[in-house]
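Residue-level structure breakdown
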Amino acid sequence: MKRIEDFTVIGHHWLNYENFLIELEAPEELPDIRAGNFAEVLLKNSPGTFLRRPFSIFEVDKEKNSLTFYIKVIGKGTRYLGKLRKGEKLNIIYPLGNAFSNPYHDKVLMVGGGSGIAPFVLLGRQLREKGIRMTFLFGGREKDNILMTERFEEFGKVFVTTEDGSVGEKGLVTQHSILAKRPLEYGMIYTCGPDPMMKAIAHIAKQHQIPCEVSLENTMACGIGACLCCIVETNTGNKCVCTDGPVFNVNDLTWQT
Amino acid sequence: MADLSVQIHDLHLKNPVTTASGTFAYGEEFIDFIDVNKLGGIFVKGLTLENREGNPYPRMAETSSGMLNSVGLQNKGIDHFVNVIYPRIKHFDTHIIPNVNGFTIEDYVKVTEKLNELEDIKAIELNISCPNVKEGGMAFGIKRTSAVAATTAVRKACKKTLIVKLSPNVTDIADMARAVVDAGADAVSLVNTFLGMAIDAGKRKPVLATVTGGLSGPAIKPIALRMVWEVYKAVSVPVIGIGGIMNATDAIEFMLAGATAIQVGTANFIDPRVSVQIVDGINDYLEKNNFTSVHQLIGALET
Ligand SMILES: Cc1cc2nc3c(=O)[nH]c(=O)nc-3n(C[C@H](O)[C@H](O)[C@H](O)COP(=O)(O)OP(=O)(O)OC[C@H]3O[C@@H](n4cnc5c(N)ncnc54)[C@H](O)[C@@H]3O)c2cc1C
Ligand SMILES: Cc1cc2nc3c(=O)[nH]c(=O)nc-3n(C[C@H](O)[C@H](O)[C@H](O)COP(=O)(O)O)c2cc1C
Ligand code: FES
């Protein structure tokens, strides 16, 4: 069941000049939240924004009864969230959307770019309980775009690429040497990040006949399936990213991969 | 509790608060947040004769105090509504009012005829903002002749209360209202979205895949309010006010301008509870001002 509640900011931490973590305490006991779920955040006093903003749920702390979001500053709304202080309230609709599915066998790869790594902490925890072996591959333009890799080391090996080579291998994620291994064997590739990155990863997955799930970030007006603004074309017609997604198996999408 | 009930021709609403077509889906999406049975009615998503996938993505652009959409009437067609959706929602203790769309007059008539069979449907809303394929895609509701032709044909086919939803993209909305009432409309609802456009200067490209789209939200409220007032003075049938209603005060303003009922649209995206909060807000206003009935508000603007 979806909820609408006023959360309280209990933590706010800038990772660098454009990325921050914001931790929010729930007024009631948190419901079950699955990796891939997102929330629609109301920016009540943010000048110039009108609609809510969608963000993946990065972390759930049952003890503190809190949710954490990993946010990259893009425009007005994210800048406003960056300025919030402890004690301020935020109205949130959650948990929204579907979730990543379990892999077909016990070894998976998660590929993320930018804030696209957000759903992978919950996914990592979920899959660890099932004894799945995980590898992470994160890409960015430069060192500053590669954040929190240590958060993922408890789940598996973390590899990095940057376009300028300032950390990890130089190049795009799709050029990383771990993807050059033959045979490339994973039970599933999960990916979230910029569209071109996801499409390139989906292409590699298809070549090696590895199932691949992508988490899409289409622009949304309602987040609850009411407006039909967030659609993606699938083999069975247009689907809502907010209710049928955000996670899709690439084979269901009409992407040219 | 003040008397909130209103009458739109044969349609009796327990209160004047309804939700606007295309912004409330079929109501089911909202039951986690509110008791939809507290609403006067639900104008459900636009229906067409055939299944429609709608326009390509992107379909939405946020604007100052509003949004543009170019959904393009995505829906699974009238038969799917009749066979699958209607049985699921007909038990709601509120009026389900289908929004009828067509690209030819024959389409409109066929959809209307199929809805005649549904016992729990007491009224339909005719959306004349659809593109008329026989006139190069110009909306029916923009020209008097095509608006009258669509209304006349649907009136003949329709066994229910007929509400005609006006397009605001016209020079004289009062004249258009008079024309559709003369053609048989039992009530009019207004406004639909205003044609608008958004540009991404960085990319030098339109934001919407269709380049233009429909503007809704608080940005359009003052114009919508003026149009409702003009139409109220021009026709003797009930007027349903729509456009940027975000709270009870906005709703009351529309009623003072002459609306018998109102529709809440884009506001549902900001807060899915808002429609029911508006019902309570209107009641509070009436009690605070010692009114016993919501009728005391309708057209009560002192000028
Ligand atoms: C399901 C989902 C999960 C997401 N998870 C995260 C997350 O965990 N962390 C994170 O930092 N971001 C996430 N995003 C993206 C985030 O919603 C946008 O970055 C944010 O809405 C931009 O708001 P703004 O007001 O700062 O920018 P605006 O001023 O609104 O817009 C600036 C630019 O951002 C683009 N934009 C607006 N909305 C979106 C959107 N929904 N998605 C992508 N681009 C958009 C616009 O086209 C515009 O060009 C997610 C999006 C979705 C749909
Ligand atoms: C996403 C979206 C979809 C809509 N779909 C329809 C529709 O199918 N039929 C219709 O008559 N109006 C449709 N409308 C128009 C609304 O019903 C309403 O007239 C308009 O949004 C103005 O009201 P508002 O400012 O309160 O949103 C749609 C509006 C939006 C925002
Ligand atoms: S954002 Fe409204 S339907 Fe998905």
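Procedures and definitions
- Per-chain numbering applies: the sequence of each chain, read as written, is numbered from 1 onward.
- Chain labels run from A onward and ligand labels from 1 onward, assigned in the order the entries are written.
- Only residues with pLDDT of 70 or above have their local features reported here, since the model is predicted, and side-chain atom pairs are shown and tallied only from 80 upward, although totals for entire chains, interfaces and linings are computed over all residues.
- Side-chain numbers come from the whole structure's heavy atoms, not from hydrogens or water.
- Note on contacts: a residue pair qualifies if any of its non-hydrogen atoms lie within 4.5 Å across the two residues.
- In this description, buried area is defined as the sum, over both parts, of the accessible area (probe of 1.4 Å) that is lost when the two are combined.
- We count a salt bridge whenever a side-chain nitrogen from Lys or Arg sits within 4 Å of a carboxyl oxygen from Asp or Glu.
- Within 3.5 Å is the distance limit for a polar contact, defined as a pair of N or O atoms, with the added protein rule that one can donate a hydrogen and the other accept it, and that residues adjacent in sequence qualify only through two side-chain atoms.
- Here a strand is any run of E in DSSP of at least two residues, a helix any run of H or I of at least four, and the numbering for each starts at the N terminus.
- For this classification, the nonpolar set comprises Ala, Val, Leu, Ile, Met, Phe, Trp, Tyr, Cys and Pro, the charged set comprises Asp, Glu, Lys and Arg, and every other residue, Gly included, is treated as polar.
- In these notes, residues near a molecule or strand are those with any non-hydrogen atom within 4 Å of it.
- Calculation of accessible area relied on Shrake-Rupley with a 1.4 Å probe; when residues are assessed, cover is drawn exclusively from the protein chains displayed.
- How far each domain reaches was decided by an automatic or database domain assignment.
- The definitions used throughout rest on a 1 Å grid laid over the protein atoms alone, on which a cavity is an enclosed set of points accommodating a 1.4 Å probe that cannot get out and a pocket is an open set flanked by protein within 12 Å on both sides along at least five of seven lines; lining residues are those having an atom within 4 Å of a point.
- Grid points are joined across faces, edges and corners, and a volume is the space filled by probe spheres set on the points.
- Take the number of residues in a helix, subtract one, and multiply by 1.5 Å to get its expected span.
- A 1.4 Å probe rolled over the protein chains alone gives each residue an accessible area, and that area as a share of the maximum for its type sets the label: buried under 20%, exposed over 50%, partly exposed in between.
- Each direction from the helix axis to a C-beta atom contributes to the arc, which is the arc of those directions.
- Note on pairing: two strands pair once DSSP finds at least 2 bridges between them.
- Where helices are involved, their axes are fitted lines through C-alpha atoms of the stretch in contact, as for all axes, and angles between N-to-C directions lie from 0 to 180°.

**Points about the interface of chain A and chain B**
- Counting residues at the interface gives 28 residues for chain A, matched by 31 residues for chain B.
- When chain A packs against chain B, the two sides together hide about 2,500 Å² of surface, and 62% of this comes from carbon and sulfur.
- The largest share of the area that chain A buries against chain B comes from A:F50, A:L228 and A:C229, three residues that together contribute 27% of it.
- Inspection of the region where chain A meets chain B yields one salt bridge.
- Between B:E62 and A:R53 there is a salt bridge, and its shortest N-O distance comes to 2.8 Å.
- Where chain A meets chain B, there are eight residue pairs in polar contact (both at pLDDT 80 or more).
- Looking at the side of chain A that touches chain B, the elements with two or more residues in it are β1 (3-16), β7 (89-96) and β15 (237-240) of chain A.
- In terms of residue class, the side of chain A that touches chain B is made up of 16 nonpolar, eight polar and four charged.

**Some points on the site of ligand 1**
Residues and elements named next belong to chain A.
- Lining the immediate surroundings of ligand 1 are 20 residues, of which R53, P54, Y70, G77 and T78 lie closest.
- Within the contact set of ligand 1, an oxygen atom lies 2.6 Å away from a backbone nitrogen or oxygen of P54.
- With respect to ligand 1, the backbone of S56 contributes an N or O atom lying 2.9 Å from a nitrogen atom.
- Surface burial for ligand 1 is 78%, taken as the share of its 840 Å² of free accessible area covered by protein chains.
- Listing elements by their share of the shell around ligand 1, those giving two or more residues are β4 (53-56), β6 (66-72) and α1 (76-82).
- For the shell around ligand 1, the leading source of residues is β4, giving four residues.
- Mapped onto the domain boundaries, the shell around ligand 1 takes at least three residues apiece from domain 1 (3-96) and domain 2 (107-256).

**What about empty space enclosed by the protein?**
Residue and element names in this part refer to chain A.
- All chains considered together, the criterion is met by one cavity of 30 Å³ or more.
- Size it by volume and the largest cavity reaches roughly 40 Å³.
- Forming the boundary of the largest cavity are G114, I117, F138, G139, N145, I146, L147 and T149.
- In terms of residue class, the lining of the largest cavity is made up of four nonpolar, four polar and no charged.

**Structural notes on helix α5 (residues 221-234) of chain B**
Residue and element names in this part refer to chain B.
- Along its 14 residues, α5 runs 20 Å from first to last C-alpha, staying within 8% of the 20 Å computed at 1.5 Å per residue.
- Here α5 has its buried residues at K221, A224, L225, M227, V228 and V231. Down the axis of α5, the sector holding all buried residues measures 165°, keeping them to one side. In this structure, α5 carries P222 and K233 as exposed residues pointing more than 90 degrees from its buried face.
- Against α4 (173-182), β12 (187-190), β13 (194-197), β17 (239-242) and α6 (248-256) lie the buried residues of α5.

**What to know about the site of ligand 2**
- Taken together, 23 residues sit near ligand 2, with B:S21, B:K165, B:G217, B:G244 and B:T266 positioned nearest.
- Nearby residues place ligand 2 at the junction of chains A and B.
- At a separation of 2.8 Å, an oxygen atom of ligand 2 approaches a polar side-chain atom of B:K165.
- In this structure, an oxygen atom belonging to ligand 2 sits 3.2 Å away from a main-chain N or O atom of B:G265.
- Summarising the interface, the protein chains cover 95% of the accessible area of ligand 2, which totals 600 Å² for the free molecule.

**Section: the sheet that holds strand β10 (residues 156-162) of chain A**
Residues and elements named next belong to chain A.
- With respect to topology, seven strands assemble into an open sheet ordered β11-β10-β9-β8-β12-β13-β16, the strand pairing being mixed. This sheet does not close on itself; its edge strands, each paired only once, are β11 (169-170) and β16 (247-249).
- Contacts from helix α2 (residues 120-129) reach β8 (107-113), β9 (133-140) and β12 (188-192) within the one sheet, and its direction differs from that of β8 by about 175°.
- Most of the contacts of helix α4 (residues 195-207) go to β12, to which it runs at about 170°, and overall it touches β8, β12 and β13 (212-215).

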